[in-house]
Amino acid sequence: MSAHTPLAILLDLSEENRLTSDDFTRALSAAKVRATKPGAAPTKFADGGGLTLHIPPSGAKVWRYRYRYRLGGKEQILTVGAYSDVSLEHARIAHRAARWLVARGIHPLSYAEQEAKRRAAEAQAFDEHTFRAIAEKWQQATAANLAPRTVEHRRAMIDKHVMPTIGAKSISAITRKELHSMLTELDQLAPVTARHCRGYIQQIFEYAEDAELVDANPTPRARALVNATKRSEVPRKALPLNRLGEFLKTLDDAPETDPTTKAALRLLVLTWFRTSEVTGARWEEFDLQAGTWVIPAEGMKGREAHRVFLSRQAVTLLRELGSKADGTVFPNRRHPSQPMHRMTLTNWRKRWGFADVMEVHGLRAMASTWATESGKYRPDVIEVALAHKEADRVRAAYNRARFGDELRVLWQDWADLCDEKVAAARSCNAT
């Protein structure tokens, strides 16, 4: 039964005011109500105090209350509900509430309509102020400054680990104690996830504070997550440079690997990009004649456009793929209109025996270490090549323009080194 129906409102009113007795004698019984039959003409069975069971020839039994709520006023009829949806007991409870209102000069139906509107408005306000609703507004407000993959990952984490516990609660009713309980339990199972979730919850409550929906932020302090606090950051496993040739040779020779997957992984090595930035590449971002690749800001983790000066090897690789005017460079095999899934490259290194020595993201670390230890390239140039975000935006734009020639040399030297490593690996196998 909806909480907004006149019957529900009258039942609640009767309970709130403890209306449990009558000042008159009731005439009906549950057995008599069940036994009543329709006749050729409408019939009425009085229970007392103006409550009647009305039975038309069709046989549909209806509870009605006949009353005058003003002295000398016109007789009114309130339909309480249909039997058997409304039992004799519930009809009497609602009837008591309606008589109680009439005795105070209040029209029962008008009262029920006004109360229904109030409850609907209260329910709407509650729905708009649940943790889920506020979290959604926060996500929409902050998504523009994040990469799409980060937005998707953040939403998935909150939906899985936070919403089942507090999503339906009014944000103002959530306590520090229940957040502490939820997060510390998660900390026992997945410390890193607990740390991320705590950070998201804290930001959502800060958003709610700014909107004056809560008086204070109840998010527990970071030290409450004992396991997350103890956990130290583990660097991504980087492929040793002396195994680069073996890695690339295995990639080139892998008989069961799709050529598109090989090209994506090879381009990732040559350009130092992140996995999602390569798998999400689109043909319109490339100028193969000029040897450049520019990923727009929305495709980059740091939300800044990034230019790569392609080596000769990278340009050849892309030309062999068959450049198109637009569209994804590395399509998903099951859904060609979508880009390759980022786990495709991660799964390749597992399948071909490199999982213990490297992570795909660690290829960037290997390239960076080589460039740094060579002493040939300035640190600022290396940082720009890695697309690390410069805090000073003016300086960042200046560096990207100023370092063009140095970046082109850096990436070409790296591509040449990759060829040398592969040639050396093949030479070793031939002897």
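The preceding data block contains the structure.
Residues numbered from 1 in each chain as written. Predicted model: local features only at pLDDT ≥ 70, side-chain atom pairs only at ≥ 80, totals over all residues. Heavy atoms only, no water.

Caption draft 1: The sheet that holds strand β2 (residues 51-55), seen in detail. The 4 strands are arranged β1-β2-β3-β4 in an open sheet whose pairing can be described as antiparallel. What marks the edges here is a single partner per strand, and that holds for β1 (43-48) and β4 (76-82). Along the sheet, successive strands turn relative to each other by an average axial angle of 30 degrees, direction set aside. For β1 and β2, the ladder comprises 5 bridges, and the chain directions are antiparallel. Paired with lysine 44 across the strands is histidine 54, a residue of β2. Lying on the sheet, helix α3 (residues 88-103) is in contact with β1, β2, β3 (62-67) and β4; it crosses β3 at an angle near 20 degrees. (Pairing = 2+ DSSP bridges. Helix = DSSP H or I, 4+ residues; strand = E, 2+ residues; numbered from the N terminus. Axes fitted to C-alpha atoms, helices over the stretch in contact; angles between N-to-C directions. Contact = heavy atoms within 4.5 Å.)

Caption draft 2: The arrangement of the packing of helix α8 (residues 176-189) against helix α9 (residues 191-210) in detail. Across the interface, α8 lies against α9 with an axial gap of 6 Å and an inter-helix angle of 155 degrees. In terms of axis orientation, α8 runs roughly antiparallel to α9. Packed against α8, whose contacting residues are Leu179, Met182, Leu183, Leu186, Asp187 and Leu189, the element α9 presents Pro191, Thr193, Ala194, Cys197, Arg198, Ile201 and Phe205 at the interface. Here the contact of α8 with α9 is composed, by residue class, of 10 nonpolar, 1 polar and 2 charged. (Parallel < 35°, antiparallel > 145°, perpendicular 65-115°, else oblique. Nonpolar A, V, L, I, M, F, W, Y, C, P; charged D, E, K, R; others polar.)

Caption draft 3: Up close: the pattern of salt bridges. If you walk through the whole model with that rule in mind, you get 20 salt bridges. Its salt-bridge partner being arginine 119, residue glutamate 115 comes within 3.1 Å of it at the nearest N-O pair. Linking glutamate 115 with arginine 119, this pair stays in helix α4 (residues 108-128), spanning 4 residues, or about one helical turn. The class for glutamate 115 is buried, based on a relative accessible area of 12%. Among the residues examined, arginine 119 registers a relative accessible area of 12% and is labelled buried. A salt bridge links arginine 426 to aspartate 253, with the shortest nitrogen-to-oxygen separation between them at 2.9 Å. You can see arginine 426 sitting in helix α19 (residues 404-430) and its partner aspartate 253 sitting in helix α11 (residues 244-253), a full 173 residues away along the chain. Bridged by salt links that share partners, the residues Asp22, Arg26, Asp47, Arg92 and Arg96 form one connected network. (Salt bridge = Lys/Arg side-chain N within 4 Å of Asp/Glu carboxyl O. Buried < 20%, exposed > 50% of the residue type's maximum accessible area, 1.4 Å probe, protein only.)

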